[in-house]
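What follows is the residue order along each chain.
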Amino acid sequence: MLREYQRRAIDRLYSWFEKNEGNPCLVLPTGAGKSHIVAALCKEAVQNWPETRILMLTHVKELIEQNAEKMRLHWPGAPLGIYSASIGRKQLDEPITFAGIQSLRGKADKIGHVDLIVIDECHMVSHKDEGGYRELLNALKAINPSLRVIGLTATPYRLGHGMITDKPALFDGLVEPVSIEELIHKGFLSKLRSKVTKAKLSTEGVHKRGGEYIEAELQAAVNKADKNAAVVSEVMALAGERKAWLFFCAGVAHAEAIASELNAKGIVAECVTGATPKAEREAILSRYKAGEIRALTNANVLTTGFDYPDIDLIAMLRPTMSPSLYVQMAGRGLRVKSHTDHCLVLDFAGVVETHGPITAVKPPNKISGEGNGEAPVKVCDSCGELCAISAKECPSCGAAFPEPQKKDLKLRDVDILGLDPVDMPVRAWSWRVHISRASTKKMLAVTYYGRDLASPSVTEYLPVAHEGYAGDKAMQAFMSMSRSAGLNPAEFMKETDPNGWLGDALIVRLNGSKPPVHIKYKMDGKFFRVTERSWCV
């Protein structure tokens, strides 16, 4: 049985295909259950159109196995095959094939006619017309010009390019059926909490290539014995009784050094890297999930394809300019746990400060490489000299520039007392029709989701169908909100009686409209009272 938002995701895909040509990308937060959505989508396609052939592609064998397993759970006896050299199976004779791109690259003639391709972690597909994915897709498109592609990702952007729909691109539009905030509010994801760390890993002097830190230089900068000891000691001090720690490190040597430091301090730890043999890696992960290993360090291998819900501490020791990598790292802690309601994120690498809360990450800028823009500058207050933005002192008069103020973007707790109105930046809202228990009359309910994961989900009730002052006030507020959100109330308020237009069609319009930029709210008993809504930045 699909959850409501999973059904919503499939329905919105169908709607997108009805209205658009090209290929959509389905954006789903880590932990939303995309494999269940894929399973239902494939089942409906094959059962409704028996001649349909579907190819599910990804770049990690663990994802192939997970997706195939969920398909069997959702649809026992599903006609599926697996084509992956690393798994040791090469089946192409079933209507649905789960495959690795490395194994199928260059084998379009062997695959033949395909109607639908689903690509998991599709942000890995090159935005240029090159690479394994694009070569295979072009060859299969030549066989079937009507071939459609659906992408799946939690991070629809690429470092150095921007959004994966920016041209040139494989994908033509984004379908975003659910947010992290909604999933946390409904209990399908766990909260993240963070603490400011004393130890900091500096990237001073580390150069970038393609917009990202050069790994050799980065690892040399952060992998220092004194820093490693300080980081491990601080993790131990803040961890308390947390039982499953996951460390993201800057490279293999760094991951090995952190594991060694943990073991030296009495914490059972293991290290996993790309060079770890398959059998050894599986044994380590099994012991970790069984609680025999408390801490797991890794370098670039456990960001995708690794899901263990009970991870309750994440230590970020890998500075990165990639918002996608940042979200993938933080996402390992989002799954609902058996023993606690949150995961503690310790950001020694400054990635939260760099990218902001994971609900409000900005896509990376394109890297033009043309170098024809004006260099950023700042003005010396003492002599008026134009200086480089990175200058620490004025080259003309020697006056020192003040240290730049850093924005506090770390995840934090909100004032639980709510004595003063709380100003909450809003990322999204969700509308529904609510039936009053007291009067049994319809009313509208709108839930606002904050940009900060620690913010509560604020639900406001508008009794627009009620008589008297309460109904009049609610109707005035609703009409004002509709106009600010870009809607024309006259288009759907055709009748005087709200019960005539309070329905699914209205909810679809409202959920597709523009939410406020921020709200102010107070606690009124056990309910929220929204005192202000603003659509202006």
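Residues numbered from 1 in each chain as written. Predicted model: local features only at pLDDT ≥ 70, side-chain atom pairs only at ≥ 80, totals over all residues. Heavy atoms only, no water.

Which residues make up the sheet that holds strand β3 (residues 80-84), and what values go with them?
Strand order in the open sheet formed by eight strands is β4-β3-β5-β2-β6-β7-β1-β10, and the pairing between neighbours is mixed. Looking at the sheet topology across the chains shown, the edges are occupied by β4 (89-90) and β10 (173-175). Two elements, β3 and strand β5 (residues 96-100), share four bridges in a ladder whose sense is parallel. Of the residues in β5, the one forming a bridge with Tyr83 is Ala99. Contacts between helix α2 (residues 34-48) and the sheet are confined to β1 (24-27), β2 (54-58), β5, β6 (116-120) and β7 (148-153), with β2 contributing the most and set at about 160° to the helix. (Pairing = 2+ DSSP bridges. Helix = DSSP H or I, 4+ residues; strand = E, 2+ residues; numbered from the N terminus. Contact = heavy atoms within 4.5 Å. Axes fitted to C-alpha atoms, helices over the stretch in contact; angles between N-to-C directions.)

Describe the packing of α2 against helix α3 (residues 61-74), and please don't skip the residues or the numbers.
When two helices pack together, their arrangement is given by the angle between their axes and by how far apart the axes lie. Between α2 and α3, the least distance of the axes is 8 Å, while the angle of their chain directions is 60°. Classified by the angle their axes make, α2 and α3 are oblique. Seen along the crossing, α2 lies across α3 with a hand that is right-handed. In this structure, α2 uses Ser35, His36, Val38, Ala39, Ala40, Cys42 and Lys43 to contact α3, whose residues at the interface are Asn67, Lys70, Met71 and His74. (Parallel < 35°, antiparallel > 145°, perpendicular 65-115°, else oblique. Left-handed = near helix turned anticlockwise from the far one by under 90°.)

Could you give an account of the sheet that holds strand β15 (residues 269-272), naming the residues involved and the relevant values?
The parallel open sheet is built from six strands, whose spatial order is β11-β18-β17-β14-β16-β15. With partners counted over all chains shown, the strands left at the sheet margins are β11 (191-195) and β15, one partner each. Across the sheet, the axes of successive neighbouring strands diverge by a mean angle of 20°, strand direction being ignored. Looking at chain direction, strand β17 (residues 313-316) and strand β18 (residues 342-347) are connected through four bridges and run parallel. Directly across from Met316, in β18, lies its bridge partner Asp347. Against the sheet, helix α9 (residues 225-239) contacts β11, β14 (245-248), β17 and β18, and its axis sits at roughly 150° relative to β14. Sitting on the sheet, helix α10 (residues 252-264) touches β14, β15 and β16 (295-298), and the angle it makes with β15 is about 170°.

Quick rundown of α3? Include the residues and the values.
Given a rise of 1.5 Å per residue, 14 residues ought to cover 20 Å, and the 20 Å separating the end C-alpha atoms of α3 matches this to within 8%. Within α3 the residues assigned to the buried category are Lys61, Leu63, Ile64, Asn67, Ala68 and Met71. All buried residues of α3 lie within an arc of 160° about the axis, which places them on one face of the element. For α3, the secondary structure elements touched by its buried residues are α2, β2, β3, β5, β6 and α11 (278-289). (Expected span 1.5 Å × (residues − 1). Buried < 20%, exposed > 50% of the residue type's maximum accessible area, 1.4 Å probe, protein only. Arc of directions from axis to C-beta.)

Give me helix α6 (residues 131-143): which residues, what numbers.
Taking 1.5 Å of rise per residue, the 13 residues of α6 would be expected to cover 18 Å, and the 19 Å separating its terminal C-alpha atoms lies within 8% of that figure. Buried residues of α6: Gly132, Tyr133, Arg134, Leu136, Leu137 and Leu140, and no others. At its buried positions, α6 is contacted by β2, α4 (101-104), α5 (108-111), β6 and β7.

An account of the nonpolar core is needed here, citing residue identities and associated values.
Ranked by size, the top nonpolar core spans 71 residues in total, and within it Met71, Phe98, Tyr288, Leu296, Phe306 and Ile358 carry the most contacts. It is α2 that provides the largest number of residues to this core, a total of eight residues. In this structure, Phe98 is in contact with Met56, Ile64, Asn67, Ala68, Met71, Leu80, Gly81, Ile82 and Tyr83, ignoring residues within four places of it in sequence. (Core = buried A, V, L, I, M, F, W, Y, C linked by side-chain atoms within 4.5 Å.)

Requested: an account of the pattern of salt bridges, with residues and values cited.
Under the counting rule described, the total for this entry stands at 23 salt bridges. A salt bridge links Arg7 to Asp11; the shortest N-O distance between them is 3.2 Å. Pair noted here: Arg7 and Asp11 are both in helix α1 (residues 4-19), with a separation of four residues, about one helical turn. The salt bridge partner of Glu292 is Arg287, with a shortest N-O separation of 3.5 Å. Judged by relative accessible area, Glu292 falls into the partly exposed class, the value being 48%. Assessed through its relative accessible area of 32%, Arg287 is described here as partly exposed. The network of salt bridges with shared partners includes Glu4, Arg8, Glu182 and Lys186. (Salt bridge = Lys/Arg side-chain N within 4 Å of Asp/Glu carboxyl O.)

Could you give an account of the pairing of β5, with specific residues and numbers?
Regular strands have side chains that alternate between both faces of the sheet. Taking burial as the measure, the five residues of β5 include five buried ones, the bulk of the element. Burial along β5 is two-sided: Ile96, Phe98 and Gly100 facing one way and Thr97 and Ala99 facing the other are all buried. Note that β2 and β5 share five bridges and pair parallel. Bridge pairing in β5 links Leu57 to Ala99.

Which residues make up the packing of α1 against α2, and what values go with them?
Relative to each other, α1 and α2 sit at 50°, their axes nearing to 9 Å. Classified by the angle between their axes, α1 and α2 sit oblique to one another. At the point where α1 passes α2, the crossing takes the right-handed sense. Residue-level inspection shows Gln6, Arg7, Ala9, Ile10, Leu13 and Tyr14 of α1 in contact with α2, the latter providing His36, Ile37, Ala40, Leu41 and Glu44. Residues belonging to the contact of α1 with α2 are distributed by class as follows: seven nonpolar, two polar and two charged. (Nonpolar A, V, L, I, M, F, W, Y, C, P; charged D, E, K, R; others polar.)

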